[in-house]
Amino acid sequence: MDRAPETLARAYPPARYRALDGHAELAVAEAAGSAGSRPARVTTILAALCAGFGEVSADRGTARRVSAAGREWLLQRAALRFRGQWDWYEAPCDACGARFDLRLSLTDIPHVDAGPGFPVAEVSTSLGRRRFEAPNGGHEEALAGMRDVEDPRRVFAALCGLSEAAEAEAIRFDLHDLARIDAALEAVSPDVADSVDAVCPYCGSASKARIDPLTFAFPGVETPLREVHLIASAYRWTEPEILDLPVARRRAYAELIRAERGRLPSRVRRAS
Ligand SMILES: [Zn+2]
(Lines give C-alpha, C1' and ligand atoms only; values in the text may rest on other atoms or scores of the structure.)
Protein backbone atom coordinates (compact mmCIF):
# COMPACT_ATOMS: atom_id res chain seq x y z
CA MET A 1 0.00 0.00 0.00
CA ASP A 2 1.19 3.47 -0.87
CA ARG A 3 1.46 6.04 1.89
CA ALA A 4 -0.77 9.13 1.66
CA PRO A 5 0.89 12.24 0.20
CA GLU A 6 2.04 14.87 2.69
CA THR A 7 2.09 17.78 0.23
CA LEU A 8 -1.04 19.88 0.80
CA ALA A 9 -3.60 19.37 -1.97
CA ARG A 10 -3.97 23.13 -2.36
CA ALA A 11 -0.97 24.31 -4.37
CA TYR A 12 -1.31 27.98 -3.39
CA PRO A 13 -3.14 28.02 -0.06
CA PRO A 14 -4.11 31.58 0.90
CA ALA A 15 -2.49 32.67 4.15
CA ARG A 16 -4.42 33.69 7.21
CA TYR A 17 -2.04 35.97 9.14
CA ARG A 18 -1.53 36.23 12.89
CA ALA A 19 -1.64 39.64 14.52
CA LEU A 20 1.96 40.82 14.22
CA ASP A 21 3.56 41.00 17.68
CA GLY A 22 7.19 41.29 18.70
CA HIS A 23 7.67 37.53 19.09
CA ALA A 24 6.64 36.94 15.46
CA GLU A 25 8.62 39.95 14.22
CA LEU A 26 11.76 38.79 16.03
CA ALA A 27 11.35 35.19 14.84
CA VAL A 28 11.09 36.46 11.25
CA ALA A 29 14.04 38.81 11.64
CA GLU A 30 16.25 36.11 13.14
CA ALA A 31 15.27 33.58 10.44
CA ALA A 32 15.80 36.08 7.60
CA GLY A 33 19.28 36.87 8.90
CA SER A 34 20.27 33.35 9.95
CA ALA A 35 22.89 31.16 8.33
CA GLY A 36 20.48 28.20 8.09
CA SER A 37 19.37 26.69 4.80
CA ARG A 38 16.93 28.73 2.72
CA PRO A 39 14.10 26.15 3.01
CA ALA A 40 14.46 26.05 6.82
CA ARG A 41 14.38 29.87 7.01
CA VAL A 42 11.24 30.00 4.82
CA THR A 43 9.56 27.43 7.10
CA THR A 44 10.30 29.55 10.18
CA ILE A 45 9.05 32.76 8.58
CA LEU A 46 5.79 31.26 7.29
CA ALA A 47 5.07 29.54 10.62
CA ALA A 48 5.77 32.76 12.55
CA LEU A 49 3.54 34.98 10.40
CA CYS A 50 0.67 32.68 9.44
CA ALA A 51 -2.19 31.32 11.53
CA GLY A 52 -3.40 29.16 8.67
CA PHE A 53 -2.75 28.02 5.10
CA GLY A 54 -6.24 27.84 3.60
CA GLU A 55 -8.26 25.54 5.87
CA VAL A 56 -5.15 24.06 7.51
CA SER A 57 -3.78 25.66 10.68
CA ALA A 58 -0.21 26.85 10.31
CA ASP A 59 2.82 25.62 12.24
CA ARG A 60 6.29 24.49 11.19
CA GLY A 61 4.92 21.07 10.22
CA THR A 62 2.24 22.39 7.88
CA ALA A 63 4.58 25.09 6.51
CA ARG A 64 6.79 22.20 5.35
CA ARG A 65 3.83 20.49 3.67
CA VAL A 66 3.08 23.40 1.33
CA SER A 67 4.34 22.79 -2.24
CA ALA A 68 7.74 24.28 -3.03
CA ALA A 69 6.20 26.91 -5.32
CA GLY A 70 3.33 27.57 -2.89
CA ARG A 71 5.91 28.48 -0.25
CA GLU A 72 7.63 31.01 -2.53
CA TRP A 73 4.23 32.47 -3.40
CA LEU A 74 3.38 32.73 0.32
CA LEU A 75 6.78 34.28 1.05
CA GLN A 76 6.20 36.98 -1.60
CA ARG A 77 2.86 37.81 0.04
CA ALA A 78 4.24 37.61 3.58
CA ALA A 79 6.83 40.22 2.56
CA LEU A 80 3.93 42.64 2.05
CA ARG A 81 3.39 42.59 5.82
CA PHE A 82 6.60 44.65 5.94
CA ARG A 83 6.74 46.38 2.53
CA GLY A 84 4.30 48.34 0.42
CA GLN A 85 2.50 46.61 -2.42
CA TRP A 86 4.50 48.57 -4.99
CA ASP A 87 8.11 49.09 -4.17
CA TRP A 88 11.49 49.78 -5.67
CA TYR A 89 14.01 46.99 -6.06
CA GLU A 90 17.61 47.06 -7.09
CA ALA A 91 18.77 44.49 -9.65
CA PRO A 92 22.05 43.89 -11.50
CA CYS A 93 21.97 43.98 -15.33
CA ASP A 94 22.91 40.60 -16.88
CA ALA A 95 24.67 42.34 -19.79
CA CYS A 96 26.59 45.35 -18.42
CA GLY A 97 26.57 44.58 -14.70
CA ALA A 98 25.24 48.02 -13.75
CA ARG A 99 22.75 48.05 -10.87
CA PHE A 100 19.42 49.64 -11.68
CA ASP A 101 16.15 50.27 -9.88
CA LEU A 102 12.87 48.82 -10.94
CA ARG A 103 9.43 49.27 -9.47
CA LEU A 104 7.23 46.23 -9.13
CA SER A 105 4.60 44.54 -7.05
CA LEU A 106 5.70 41.26 -5.47
CA THR A 107 2.21 39.86 -6.06
CA ASP A 108 2.63 40.38 -9.81
CA ILE A 109 5.46 37.87 -10.09
CA PRO A 110 4.05 35.22 -12.42
CA HIS A 111 3.05 31.80 -11.14
CA VAL A 112 1.76 28.68 -12.89
CA ASP A 113 -0.97 26.44 -11.50
CA ALA A 114 -0.38 22.82 -10.59
CA GLY A 115 -0.92 20.13 -13.23
CA PRO A 116 -3.79 17.60 -13.22
CA GLY A 117 -3.56 15.05 -10.41
CA PHE A 118 -1.62 17.38 -8.07
CA PRO A 119 -0.12 16.64 -5.61
CA VAL A 120 0.43 13.13 -7.05
CA ALA A 121 2.11 12.09 -10.30
CA GLU A 122 2.01 8.54 -11.58
CA VAL A 123 5.03 7.30 -13.53
CA SER A 124 5.80 4.13 -15.50
CA THR A 125 9.20 2.99 -14.27
CA SER A 126 11.34 -0.08 -14.92
CA LEU A 127 9.99 -1.38 -11.57
CA GLY A 128 6.35 -0.85 -12.57
CA ARG A 129 3.92 2.01 -12.12
CA ARG A 130 4.85 4.16 -9.15
CA ARG A 131 3.28 7.25 -7.54
CA PHE A 132 5.19 10.30 -6.32
CA GLU A 133 4.09 13.46 -4.54
CA ALA A 134 5.06 16.94 -5.71
CA PRO A 135 8.03 18.22 -3.67
CA ASN A 136 7.17 20.30 -0.62
CA GLY A 137 9.16 22.37 1.85
CA GLY A 138 10.00 19.33 3.97
CA HIS A 139 11.62 17.66 0.97
CA GLU A 140 13.57 20.85 0.21
CA GLU A 141 14.76 21.04 3.81
CA ALA A 142 15.83 17.39 3.72
CA LEU A 143 17.77 17.91 0.48
CA ALA A 144 19.41 21.08 1.81
CA GLY A 145 20.60 19.12 4.85
CA MET A 146 22.37 16.42 2.78
CA ARG A 147 26.01 16.41 1.85
CA ASP A 148 27.58 15.10 -1.34
CA VAL A 149 24.34 14.68 -3.29
CA GLU A 150 25.26 13.00 -6.57
CA ASP A 151 21.88 13.32 -8.28
CA PRO A 152 19.11 15.33 -6.63
CA ARG A 153 16.59 13.51 -8.84
CA ARG A 154 17.39 10.27 -6.98
CA VAL A 155 16.94 12.06 -3.65
CA PHE A 156 13.53 13.37 -4.71
CA ALA A 157 12.55 9.90 -5.99
CA ALA A 158 13.27 8.53 -2.50
CA LEU A 159 11.67 11.42 -0.58
CA CYS A 160 8.61 11.90 -2.78
CA GLY A 161 7.94 8.25 -3.65
CA LEU A 162 4.65 7.08 -2.12
CA SER A 163 5.58 3.38 -2.38
CA GLU A 164 6.41 1.76 0.97
CA ALA A 165 9.76 0.76 -0.51
CA ALA A 166 10.45 4.19 -2.03
CA GLU A 167 13.89 4.54 -0.48
CA ALA A 168 15.12 1.15 -1.68
CA GLU A 169 13.51 1.61 -5.10
CA ALA A 170 15.14 5.01 -5.57
CA ILE A 171 18.53 3.25 -5.50
CA ARG A 172 17.39 0.82 -8.19
CA PHE A 173 15.88 3.36 -10.60
CA ASP A 174 17.98 3.76 -13.75
CA LEU A 175 18.73 7.15 -15.34
CA HIS A 176 15.79 6.75 -17.70
CA ASP A 177 13.46 6.24 -14.71
CA LEU A 178 14.91 9.28 -12.95
CA ALA A 179 14.36 11.43 -16.04
CA ARG A 180 10.72 10.31 -16.30
CA ILE A 181 10.06 10.85 -12.59
CA ASP A 182 11.68 14.29 -12.76
CA ALA A 183 9.60 15.27 -15.80
CA ALA A 184 6.38 13.99 -14.19
CA LEU A 185 7.06 15.91 -10.96
CA GLU A 186 7.81 19.04 -12.93
CA ALA A 187 4.58 18.66 -14.93
CA VAL A 188 2.40 18.21 -11.84
CA SER A 189 4.11 20.85 -9.67
CA PRO A 190 3.02 24.47 -9.54
CA ASP A 191 5.72 26.98 -10.45
CA VAL A 192 6.62 30.49 -9.38
CA ALA A 193 9.05 32.71 -11.26
CA ASP A 194 12.06 33.82 -9.23
CA SER A 195 12.78 36.69 -11.60
CA VAL A 196 10.99 39.31 -13.64
CA ASP A 197 11.73 40.71 -17.11
CA ALA A 198 13.32 44.14 -17.05
CA VAL A 199 15.16 46.46 -19.43
CA CYS A 200 18.45 47.90 -18.25
CA PRO A 201 18.22 51.71 -18.44
CA TYR A 202 22.02 52.00 -19.01
CA CYS A 203 22.64 49.60 -21.90
CA GLY A 204 19.07 48.85 -23.05
CA SER A 205 19.52 45.07 -22.78
CA ALA A 206 16.65 42.82 -21.76
CA SER A 207 17.52 41.49 -18.36
CA LYS A 208 16.14 39.04 -15.83
CA ALA A 209 15.92 40.61 -12.39
CA ARG A 210 16.06 37.95 -9.71
CA ILE A 211 13.73 38.88 -6.87
CA ASP A 212 14.24 36.98 -3.61
CA PRO A 213 12.16 38.56 -0.83
CA LEU A 214 14.23 36.69 1.74
CA THR A 215 17.26 38.83 0.93
CA PHE A 216 15.64 42.24 1.38
CA ALA A 217 11.98 42.28 2.38
CA PHE A 218 12.00 41.24 6.02
CA PRO A 219 12.95 43.34 9.03
CA GLY A 220 16.24 43.05 10.87
CA VAL A 221 16.55 42.43 14.62
CA GLU A 222 17.89 45.95 15.33
CA THR A 223 14.59 47.86 15.39
CA PRO A 224 12.62 45.48 17.65
CA LEU A 225 15.58 45.09 20.02
CA ARG A 226 16.16 48.85 20.18
CA GLU A 227 12.48 49.42 20.97
CA VAL A 228 12.47 46.70 23.64
CA HIS A 229 15.50 48.35 25.23
CA LEU A 230 13.90 51.78 25.11
CA ILE A 231 10.56 50.69 26.59
CA ALA A 232 12.17 48.42 29.19
CA SER A 233 14.39 51.25 30.43
CA ALA A 234 11.49 53.72 30.55
CA TYR A 235 8.66 51.57 31.92
CA ARG A 236 10.56 48.66 33.54
CA TRP A 237 8.47 46.15 31.57
CA THR A 238 10.03 42.75 30.87
CA GLU A 239 11.09 41.62 27.42
CA PRO A 240 8.23 39.08 27.03
CA GLU A 241 5.69 41.74 28.07
CA ILE A 242 7.02 44.16 25.48
CA LEU A 243 7.16 41.52 22.75
CA ASP A 244 3.51 40.62 23.52
CA LEU A 245 2.48 44.08 22.27
CA PRO A 246 1.20 44.40 18.72
CA VAL A 247 4.11 45.85 16.72
CA ALA A 248 2.23 49.06 15.91
CA ARG A 249 1.56 49.74 19.61
CA ARG A 250 5.16 48.97 20.62
CA ARG A 251 6.32 51.40 17.95
CA ALA A 252 3.92 54.06 19.25
CA TYR A 253 5.25 53.69 22.83
CA ALA A 254 8.83 53.89 21.59
CA GLU A 255 7.93 57.08 19.70
CA LEU A 256 6.39 58.61 22.82
CA ILE A 257 9.48 57.85 24.87
CA ARG A 258 11.78 59.26 22.19
CA ALA A 259 9.64 62.39 21.88
CA GLU A 260 9.65 62.93 25.64
CA ARG A 261 13.39 62.42 25.90
CA GLY A 262 13.89 64.73 22.95
CA ARG A 263 11.99 67.49 24.78
CA LEU A 264 14.09 67.28 27.94
CA PRO A 265 16.94 69.76 28.19
CA SER A 266 20.21 67.97 27.51
CA ARG A 267 21.61 68.65 30.98
CA VAL A 268 18.61 66.82 32.52
CA ARG A 269 19.14 63.95 30.10
CA ARG A 270 22.78 63.69 31.11
CA ALA A 271 21.84 63.69 34.79
CA SER A 272 19.19 60.98 34.47
ZN1 LIG B 1 22.88 46.98 -18.70
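Our structure is the block above this text.
The residue numbering used here restarts from 1 in each chain and proceeds along that chain's sequence as written. Only residues with pLDDT of 70 or above have their local features reported here, since the model is predicted, and side-chain atom pairs are shown and tallied only from 80 upward, although totals for entire chains, interfaces and linings are computed over all residues. Side-chain figures throughout are based on the complete set of non-hydrogen atoms in the structure, without hydrogens or water.

Draft legend 1. Summary view of the overall build of the chain. When helices and strands are counted, the chain shows 13 helices and 11 strands. Taken over C-alpha atoms, the radius of gyration is set against a globule rule of 2.2 Å times the number of residues to the power 0.38. The C-alpha atoms of the chain give 23 Å as radius of gyration, which overshoots the globular expectation for 272 residues (19 Å, by more than 25%). When its C-alpha atoms are laid out on the principal axes, the chain stretches across 85 × 50 × 35 Å. Buried, partly exposed and exposed residues are distinguished by accessible area as a fraction of the type maximum, computed with a 1.4 Å probe on protein chains only: under 20%, between the cut-offs, and over 50%, respectively. The buried share among the 272 residues of the chain stands at 42%. For every accessible area listed, the method is Shrake-Rupley and the probe measures 1.4 Å; residues are considered covered only by the protein chains on display. As presented, the chain carries roughly 14,400 Å² of accessible surface, and 52% of it is formed by carbon and sulfur atoms. His residues and chain termini do not enter the charge count, which takes Lys and Arg as positive and Asp and Glu as negative. Think of each charge as sitting on NZ of Lys, CZ of Arg, CG of Asp or CD of Glu. Of the charged side chains in the chain, 36 are positive and 39 negative, and the gap between their average positions amounts to 8 Å. A helix here means a DSSP run of H or I that spans at least four residues, while a strand means a run of E at least two residues long, and both kinds are numbered starting from the N terminus.

Draft legend 2. Highlighting the coordination of the zinc ion. Metal coordination here is assigned from N, O and S atoms located within 2.8 Å of the ion, or within 3.2 Å for Na, K and Ca; omission of water means that sites may look incomplete. Only Cys93 (SG), Cys96 (SG), Cys200 (SG) and Cys203 (SG) from the protein reach the zinc ion as donors, at distances of 2.3 Å. Seen from the zinc ion, its four donor atoms lie at angles of 105 to 113 degrees, and the figure they make is tetrahedral. Each donor residue of the zinc ion belongs to the same chain, with the gaps between them written as C-x2-C-x103-C-x2-C. Site shape is set this way: if four donors have all angles between 85 and 135 degrees, tetrahedral; if opposite donors are over 155 degrees apart and all others between 65 and 115, square planar for four donors and octahedral for six; otherwise irregular.

Draft legend 3. Representation of the nonpolar core within the structure. Counting residues in each nonpolar core, the largest one holds 57 residues, and the members touching the most others are Ile45, Leu49, Phe53, Leu102, Leu104 and Phe218. What makes two residues a contact is simply this: any of their non-hydrogen atoms within 4.5 Å. With residues up to four places along the chain from it excluded, the contact list for Leu104 reads Gln85, Trp86, Asp87, Tyr89, Ile109, Val196 and Ile211. We call a set of buried residues a nonpolar core when its members are Ala, Val, Leu, Ile, Met, Phe, Trp, Tyr or Cys and they connect through side-chain atoms within 4.5 Å of each other.

Draft legend 4. Representation of the sheet that holds strand β3 (residues 56–57) in the model. Strands are treated as partners if at least two bridges between them are detected by DSSP. In space, the three strands of this open sheet follow the order β1-β2-β3, with antiparallel pairing throughout. The open sheet terminates on both sides in strands that have one partner only, identified here as β1 (15–17) and β3. Pairing analysis gives three bridges linking β1 to strand β2 (residues 50–53), with the strands arranged antiparallel. Paired with Arg16 across the two strands is Gly52, which belongs to β2. In this analysis an axis means a line fitted to C-alpha atoms, helices contributing only their contacting stretch, and an angle means the value between N-to-C directions, from 0 to 180 degrees. Here helix α2 (residues 38–49) sits on the sheet in contact with β1 and β2, set at roughly 100 degrees to β2.

Draft legend 5. Looking closely at helix α6 (residues 152–160). For α6, every residue scored as buried is listed here: Val155, Phe156, Ala157 and Cys160. Structurally, α6 contributes buried residues whose contacts are with β8 (128–133), α5 (137–144), α7 (166–172) and α8 (175–188).

Draft legend 6. Looking closely at the packing of α5 against α6. For the pair α5 and α6, interaxial distance at closest approach is 11 Å and the crossing angle is 135 degrees. With respect to α6, the element α5 is oriented oblique. Seen from above, α5 lies across α6 with right-handed handedness. Packed against α5, whose contacting residues are His139, Ala142 and Leu143, the element α6 presents Pro152, Val155, Phe156, Leu159 and Cys160 at the interface. Gly falls in the polar group here, along with every residue not listed as nonpolar (Ala, Val, Leu, Ile, Met, Phe, Trp, Tyr, Cys, Pro) or charged (Asp, Glu, Lys, Arg). A breakdown of the residues in the contact of α5 with α6 according to their chemical character gives seven nonpolar, one polar and no charged. Roughly parallel here means an angle under 35 degrees, roughly antiparallel means over 145, roughly perpendicular means 65 to 115, and every remaining angle is called oblique. A clockwise turn of the near helix away from the far one marks a right-handed crossing, whereas an anticlockwise turn of less than a right angle marks a left-handed crossing.

Draft legend 7. Layout of the pattern of salt bridges. Any carboxyl oxygen of Asp or Glu that lies within 4 Å of a side-chain nitrogen of Lys or Arg is treated as forming a salt bridge with it. Applying the stated criterion across every chain yields a total of 19 salt bridges. A salt bridge links Asp151 to Arg153; the shortest N-O distance between them is 3.0 Å. On the accessibility criterion, Asp151 (18% relative accessible area) is buried. What makes Arg153 partly exposed here is its relative accessible area of 28%.

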